[in-house]
Each structure stands twice: as C-alpha cells, then as structure tokens.
Amino acid sequence: MPPDRGRASRACTSCRKQKTRCYEPGIPGRACMRCDRLHQTCSLVQTVASDEESVAPATGTDARLERLEKTVATLLDRLGEGPAKTPGHGSSRPTPAQTSPGSGGAYGESESSAAPIMVIRDLATDSGIKPMSDARSLGAVLDELISPDLALTLITIFLEYYGRWVLFDPECEPSELLRRVKKSSLLFCACSLIAVRHTSEELAASLAPKLYEYVRSLASTTLLVAPQPIEFFQATLILSMWSTTVGQVPLSIDSWLLSGFALQHSHSSPLFTAVMNQSFPPNRLDEETMRNCYLWNHLCLAHMHYCVGTSRRSMLQPWQIERCRAIIVSDHANNFEVRMVAEIYLYWTVYEHLIQESVDLLKSVAALQDWRRKWEFVIEQPRSQFLSMGFHFSYLLLYEYALKANSSRARESVVPEMIRHSKAIVKLAMDTVDERTRHLTDHIYHMITFAAIVLCRLLNAYPEKVASTHNIDELELLVPDLVQWLYCIGLPCHAAHTLGNIITKVHQKLRPHVELPPANPQPEELLGELNNYYFPEFLGLGISANGDWDLLSNMGLFPESPSIPGRPD
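Residues numbered from 1 in each chain as written. Predicted model: local features only at pLDDT ≥ 70, side-chain atom pairs only at ≥ 80, totals over all residues. Heavy atoms only, no water.

In plain terms, the rule: UniProt positions are given in the numbering used here, feature names are shortened, and annotations may be inferred rather than shown by experiment.
Looking at an unreviewed UniProt entry, one finds the protein named Transcriptional activator of proteases prtT, with Penicillium flavigenum as its source organism. Quoted verbatim from the Subcellular location (unreviewed entry) field of the UniProt record, the comment on the protein reads "Nucleus". According to UniProt, the comment filed for the protein under the heading Sequence similarities (unreviewed entry) is "Belongs to the prtT family."

Written out as structure tokens, the structure reads:
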C-alpha cells in the first residue's frame, strides 16, 4: 500500500463513506487520488484550497501511483483480465511471492503479511477500479444476450450434469433455480458458459466468447469485496474446475490464483465458520453446514489440482486438510463426496513430497502406497476410475523428477514405470464411455492429455528402453486410439477436442511416421505454432531439435509456472 506519509490528514467525504484510505494529491487544491481516478467530486478540494499553506506536496506521488497501477495490472492479468500477452514470450508468470493470494503483490517482505483481499481492494480502488457498480448493471445486458427460454435451457443442462459440484438441489425446479442464480451475474455467467458448450456449435461460437469476457471482468471486480455470499464461491469453483472449457485455452483463467482467493474469502465468510473452527465437533454438523463443507472441500480439491499441476504453494494448511474429513462421519455423506476427500488427500500427499528441497522417490512412492491402503474402500466403489487415474497421474509427477536425475540407473527403472502408468490412465479413460463422459472436469482431461504426451516423448527419447519392456507397436496405436476417443466426445467446442488437437500436434512432431486422425478445425489464433498458447505454457511441450528429453527444461504439467522455492531446477 502507499506509504503512510501520503495519507491525507483527514479523509474526504467519499473515502469515509466507502471506508477506504484517502491519499492526498501531489498538488494542493486537487482531489484525493481515489476521487481523481474516479472523476468524482472530492471534499478535499475545498479543504486544501482554504488552507493551502498547511499542505505540503507529497513526494514521489507519481512513482507510487505508477507502482500501484502496475501491481493491479499484474494481478488482473493473472485472472485473465489484463491486456493480452504473446504466449511464450516475456516474463508473464511472476514468482509465487508476487502472485500468491497470501502476499502483498510487488511489496517487500515486511508488508507480505497484510490481508491479501484487502491489499488488492486498496490497490484496485486507488487505481480507479469501481467495485460491483458495473456488475449490477450487467443483469440487463445478460437479459438482452440470453433469452428467457435459452436461460432456462442452460440452467437445466447445468443442474443435471454439474449441479452437484456447487450443491444445487437436484429436486429444485429449473425455473426456481434460474431465479436464484440470476441474482448473481457472476454465477449465472459461469453456469451458462459451461452449459452452452452442450447446446449447438453455432450458439456456443456466438455466445461463449461474450460470456467469457463478462465472467473475467466480473470475477476480477467481485474479488475486491468481502465477505461474499455462497454464489461467489459457487461461481469461482465452476471457473476453477473448467478453466480450459470456459476460454478454450488451457488455464484461460488461472485456477490456482482464483481458487486461492476463494479460500482466502472463506475465512471472512460465516458460511464456513464450522470448517474454520478446529474445535467444532464434526458429528454436530447440521445438513446446511454439511453442504457448505462439501462446497469448501470442492474448492480445496480444485486448488490442490493446480498446486500440484503448476508447482505453486498451497493456500491450505495441514489442519485444514484434516478438516476435509469431517464429512465422512456424517450420515449425509455419499460416495461422491467421500471420493472428493480421498482425492484431496491424494494430491496433498504428492504436494508434501514435491515441495521438499529434493524429492525422495522411495519415500514418495511409499507415501502413495500408504494412501492407497487407507482409501482402498473408496477405490472399490463405483465411479472410482477417476480416483485411480489420479493415483497413476501422481506417480507420473514423481517419476518425472526422478527422470531428471540424469543417471542411467534412474532411467532404467523409471522409464518402464512411466509407460505403465501412462497406459493405465489412457485405458481407464477409453474404458469410460457413458453420457457423463462429456461432463467431466477439465482436470481429468488434463491428466489424459499429459499421459499421452508422456507416451509420445518416451517413445521418441528412449525407444530401446521402452522396447525392452513394452510392445512398441501397441503403444504406437494407443495414442491414435485416444485421439479418436477424444474427438467423439461432445461438440467440436468441447475441451476434449481442444486437448485432442494438442496431442495430435505433438504426435506429428515426435512420431511423424504414425498416422493420426486429422485434427478438428480450431480458430487459427487458438492453434498457432507449437510455442503458442499450449506450448510450453501447457503440458511442457517445448520440443528440442532432436526431441531429446534431457534438453527439455521441464516436463511438468505447467512448466513455466514459478517453481516452488527451495526446489532445485
């Protein structure tokens, strides 16, 4: 925040009403920084004019203001709201200390403990961003954009296939649910943005881009207000879980950052008092509180997906992970919710080992096996194939670091294991064919895509090692079969088609002699060159001249994400 010496000796009327800090201008007789930015009348003008000699010009005001504007621009850019940058160029990813929801942006360590939501609110207010005023007027715009009949169709689709993620009542009439959802423009936009991908290609092409722009703007401005109602947490969960679907580009909204801010907001929300209270006995949770616990668990899961996938620090503490288990002792817990808890613990297990200064592969593998023993009762339940998929995916992440050890001994043991786990993920995916397949979360499609990329790379980099333990011809056919499976899911605007195109382009580069189904047409700005959008921002697909694995800087899921402090490169 601006230094205290820049604060006005007495706040203007507008800043007092908004309960925000008032910073004096650098020139006597002018409005305060906030009023000047908002182009509104400032009572400070009269005060300064009447007592001009008592006010000394602030030093360095322009420099402070420029720093504030740059910080806000950086934060908004991480949410997809800032000006577009050319992917793969420049330093578009600040370090965790700069972007972490628990830090103060570009300020020193002495200020990093400030409440992050309030830091961002002050920064944005001082830079002229108006919280919520535009959001309230957006309802009329959405009414013009989406007819009542279409709105009812979209909310019906969302309720049927995605409602349980955000705790929508499955027995609720869609018309009544629509009435409730439309009270929050952000939630309505988020629901519509997911559901429109399951209507028609023409409607999705015309409506989705507009909704995407609205939802980015709404998400950025809504973050500046606390406490938030349940609709805010529902909307941020949707955007975090389907960040590839909403913008048709992997991580089009930074799920790690957005889910992190939502978790921060939960500390100030009465909705999650029982979760935040460590002494609150789990067996005393009523049904409504339990539903809020489910929602909080889902947010934790989305956050852990991208903590592991982007190698960034988690906002969660061990005691909060332990609180996720509270729902298991409840009579209301079902198989779906218990699977969510098991998955949270799976990624927390991986995360705890990946943040160490060096990854001990033997201990990491032992921890994963211990997790499997503890949650075996869940893995044996129906629809647990995606939990098993996450288990194999966790192994891949750990083996990746072992492969970077650059020792032939490590490669001898790791390469066959990576092939085995990649095959398991792909086969689990293709064995799952039902109506719900096209309504899976983006994380599942990310894991499938990652497994296919691993297969392509290992076949290209270590053909002799792979051939010693696996059938090369069988592996060569597995990737084309997977791509064909992805192209059969939903409309061409579905995330599965986008990710199928990624696999196709990488496969053509690394395995040109193997024929794949032709890539589905995509907008040229989405496909681009190999180093655009998906490369290397997504799945670490920076291809070297000869495809040598050792020349790749990082094979991580999102390699250009800032690395965890203390981990060797």
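**Here's the deal with the packing of aromatic side chains**
Put simply, the rule reads: Two rings from Phe, Tyr or Trp (for Trp, the six-membered ring) form a pair when their centres are within 6.5 Å of each other. A pair whose planes differ by under 30 degrees is stacked, one over 60 is edge-to-face, and the rest are tilted. The secondary structure listing takes helices from DSSP runs of H or I that are at least 4 residues long and strands from runs of E that are at least 2 residues long, numbered from the N terminus. Exposure classes here rest on a 1.4 Å probe applied to the protein chains alone. A residue is buried below 20% of its type maximum, exposed above 50%, and partly exposed in between.
Within the structure shown, the criterion is met by 15 aromatic pairs. Taken together, a centroid distance of 6.5 Å and an interplanar angle of 70° make the contact between Tyr 347 and Phe 393 edge-to-face. With Tyr 347 in helix α18 (residues 335-354) and Phe 393 in helix α21 (residues 385-403), the pair connects residues that are 46 residues apart, well separated along the chain. Measuring from ring centre to ring centre gives 5.1 Å for Phe 391 and Tyr 395, while their planes differ by 85°; the resulting arrangement is edge-to-face. With Phe 391 and Tyr 395 both in helix α21 and four residues apart, this pair spans about one turn of that helix. In terms of burial, Phe 391 and Tyr 395 fall into one category: buried.

**Observations concerning the pattern of salt bridges**
For clarity, the threshold we go by: We define a salt bridge as a side-chain nitrogen of Lys or Arg found within 4 Å of a carboxyl oxygen belonging to Asp or Glu.
According to the stated counting rule, one finds 11 salt bridges in the structure shown. For Arg 312, the salt bridge goes to Asp 254, with nearest N and O atoms at 3.2 Å. Here Arg 312 is found in the loop between α16 (287-310) and α17 (318-323), whereas its partner Asp 254 is found in the loop between α13 (243-247) and α14 (255-266), with 58 residues between them in sequence. The exposure class of Arg 312 is buried, given its relative accessible area of 1%. Residue class for Asp 254 comes out buried when judged on its relative accessible area of 3%. When the shortest N-O distance is used, the salt bridge between Arg 511 and Glu 476 registers 2.3 Å. Of the two residues, Arg 511 is situated in the loop between α26 (495-510) and α27 (524-527) and Glu 476 in helix α25 (residues 472-487); the sequence distance between them amounts to 35 residues. By sharing partners, the salt bridges in this structure join Glu 176, Arg 179 and Arg 180 into a single network.

**Considering the side chain of Asn 292**
The cut-off we apply is this: Whether two residues are in contact is decided by their heavy atoms: any pair within 4.5 Å suffices.
By the secondary structure assignment, Asn 292 is in helix α16. Judged by relative accessible area, which is 9%, Asn 292 ranks as buried. Other than its neighbours up to four places away in sequence, Asn 292 contacts Ile 230, Leu 271 and Phe 272.

**Concerning empty space enclosed by the protein**
How we decide: Computed over the protein atoms alone on a 1 Å grid, cavities are sets of points where a 1.4 Å probe fits but cannot get out and pockets are open sets with protein on both sides within 12 Å along at least five of seven lines; a residue lines them when it has an atom within 4 Å of a point. Grid points are joined across faces, edges and corners, and a volume is the space filled by probe spheres set on the points. Each residue is assigned to one of three groups, with Ala, Val, Leu, Ile, Met, Phe, Trp, Tyr, Cys and Pro labelled nonpolar, Asp, Glu, Lys and Arg labelled charged, and all others, Gly among them, labelled polar.
In the structure shown here, the tally under the stated rule is seven cavities of 30 Å³ or more. Volume-wise, the largest cavity comes out at about 70 Å³. Surrounding the largest cavity, Tyr 162, Ile 194, Arg 197, His 198, Trp 242, Thr 245, Arg 438, Leu 440, Asp 442, Tyr 445, His 494 and Ala 495 form its lining. A breakdown of the residues in the lining of the largest cavity according to their chemical character gives six nonpolar, three polar and three charged.

**Digging into the environment of Ile 444**
The residue Ile 444 is located in helix α23 (residues 442-461) in this model. For Ile 444, a relative accessible area of 9% gives the class buried. The sequence separation of Ile 444 and Ile 425 amounts to 19 residues, and the corresponding C-alpha distance is 9.7 Å. Not counting the four nearest positions on each side in its chain, Ile 444 is found in contact with Phe 386 and Met 389.

**Quick look at the side chain of Ser 14**
Note the cut-off: Within 3.5 Å is the distance limit for a polar contact, defined as a pair of N or O atoms, with the added protein rule that one can donate a hydrogen and the other accept it, and that residues adjacent in sequence qualify only through two side-chain atoms.
For Ser 14, the position within the fold is in helix α1 (residues 13-18). Looking at Ser 14, its side chain comes within polar contact range of the side chain of Gln 40, at 2.7 Å. If near-sequence neighbours (up to four positions away) are discounted, Ser 14 is found in contact with Arg 34, Cys 35 and Gln 40.

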